[in-house]
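Working through the structure, step by step
One-letter residues, chain by chain:
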Amino acid sequence: MTRTLATTPATDGFRMPGEFDPHQGTWMLWPERPDTWRWGAKPAQAAYAEVARAISEFERVTMCVSPGQFANARQVLPEAVRVVEMTSNDAWVRDCGPSFLINDAGEVRGVDWRFNAWGGLESGLYSPWDQDDMVGQKILELENVARYAAPLILEGGSIEVDGDGTLLTTRECLLNHDRNPDLGLAEIEAQLGEYLGISKIIWLEKGVYNDETEGHIDNLARFARPGVVMLDWTDDTTDPQYPISLDAFQRLSQATDARGRKLEVIKLPQPGPLHMTQDESRGVDVVEGTQPREAGLRLAASYVNFYLCNGAVIMPLLDERTDAVAADLIQRGFPDRRVVGVAAREILLGGGDIHCITQQQPLARRR
Ligand code: KQY
């Protein structure tokens with residue numbers, strides 16, 4: 001049985017590794033709710049299956065699927081993808097799944113955060129979220145990985161680490177009163193240190209314009225490796241994304257990381273701007289209390305929302321005008337990995353992208 005530990009990762013010598021470190025595999029959740037995903041989630045299921053297929057060329061993928069969708073998912077997904085039954089409220093394992101940790105001996109443990117659907121009853125995207133909140137624990141149980149139950153409400157997409165002591169995040173999300181209203185900056189910093197084993201936090205102000213997560217870092221800025229950050233960028237000074245990216249660029253350029261290094265910043269062009277079409281909006285069920293998905297909605301599209309798996313970068317293809325330029329820049333940032341593009345507009349229509357629908361489990365060293 002999986003142990004729930006009463007200590008904290010920092011006191012036990014555990015830290016969150018970089019996504020670029022070796023993986024045991026990748027976790028995903030299967031989309032099906034019709035008030036997030038148009039046309040009964042069929043186009044989204046095809047996109048998720050394509051992401052799973054691409055990753056499974058490089059490492060093990062586990063797709064967690066509700067009982068009613070098990071047979072369908074098993075038939076749609078390639079044989080190499082392991083399909084297990086698990087209930088959830090939607091399909092964002094980056095955010096409701098565990099954050100895996102490692103220690104110097106190569107032992108793996110996991111942090112199980114509290115989850116409130118990106119803002120609870122006040123500004124969350126749906127209710128209830130009780131099944132999502134149990135996903136972290138269920139994944140750790142399946143893998144028999146020891147669990148730290150963190151008191152913080154936190155989504156995995158709101159933090160980005162370099163595995164070397166540094167964490168990137170935004171004030172817009174982590175200091176939002178709809179996450180942990182009783183905690184101030186110093187208390188949140190202390191908890192991140194305890195549960196992720198980091199010693200330096202670089203605070204950016206805001207996430208990507210109109211991002212329904214309220215500022216997730218994984219759509220704005222990501223580590224390619226320690227000392228190198230990829231940033232969502234536009235040169236259009238009239239675009240509302242411009243001041244956000246400029247501010248982030250200035251903060252990153254002035255920052256030093258936990259090891260005292262200056263950061264190199266690689267700018268990835270913003271796709272679009274992209275908007276939800278009438279036809280795309282028409283396919284989404286309207287349900288009271290759920291995030292509306294209306295025609296004309298500006299989508300929080302970003303190439304930064306890529307996923308690193310063993311030997312590859314799985315990047316979202318979002319806009320024919322910018323896909324090739326972005327792929328080229330990503331390839332230059334990751335010279336030793338294959339860059340694999342997957343059509344990702346269907347995922348974007350649900351409010352996130354490839355990084356948001358995946359969660360890495362680091363490779364444990366046998367003892
Ligand atoms: O940014 C992410 N990590 C997830 C996006 C979730 C969107 C929910 N509709």
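Just so it is clear, the structure is predicted and the values come from calculations on it, not from any experiment.

The next point concerns the site of the ligand. Close contacts around the ligand come from 15 residues, with Asp95, Glu212, Asp218, Gly350 and Cys356 the closest. Separating a nitrogen atom of the ligand from a backbone N or O atom of Gly350 is a distance of 2.8 Å. Relative to its unbound accessible surface of 300 Å², the ligand loses 99% to contact with the protein. In this structure the site holding the ligand corresponds to the second largest cavity. Its residues placed into classes, the shell around the ligand shows four nonpolar, six polar and five charged.

For the rest of this paragraph, the subject is empty space enclosed by the protein. Inspection of the entire model under this criterion finds seven cavities of 30 Å³ or more. When its volume is computed, the largest cavity comes out at roughly 100 Å³. If you go around the largest cavity, you meet 13 residues; those closest to its centre are Met16, Glu19, Arg94, Glu160 and Gln360. Of all elements in the fold, only β9 (160-161) and β18 (359-362) reach the threshold of two or more residues within the lining of the largest cavity. Taken together, the residues that form the lining of the largest cavity break down as four nonpolar, six polar and three charged. Estimates place the volume of the second largest cavity at around 60 Å³.

Parameters and conventions
Residues numbered from 1 in each chain as written. Predicted model: local features only at pLDDT ≥ 70, side-chain atom pairs only at ≥ 80, totals over all residues. Heavy atoms only, no water. Near = heavy atom within 4 Å. Polar contact = N/O pair within 3.5 Å; in protein donor to acceptor, adjacent residues only side chain to side chain. Areas by Shrake-Rupley, 256 points an atom, 1.4 Å probe, with all protein chains shown as cover. 1 Å grid on protein atoms, 1.4 Å probe; cavity = no way out; pocket = protein on both sides within 12 Å on 5 of 7 lines; lining within 4 Å. Sits in = over half its atoms within 2 Å of the grid points. Nonpolar A, V, L, I, M, F, W, Y, C, P; charged D, E, K, R; others polar. Points joined across faces, edges and corners; volume = space filled by probe spheres on them. Helix = DSSP H or I, 4+ residues; strand = E, 2+ residues; numbered from the N terminus.

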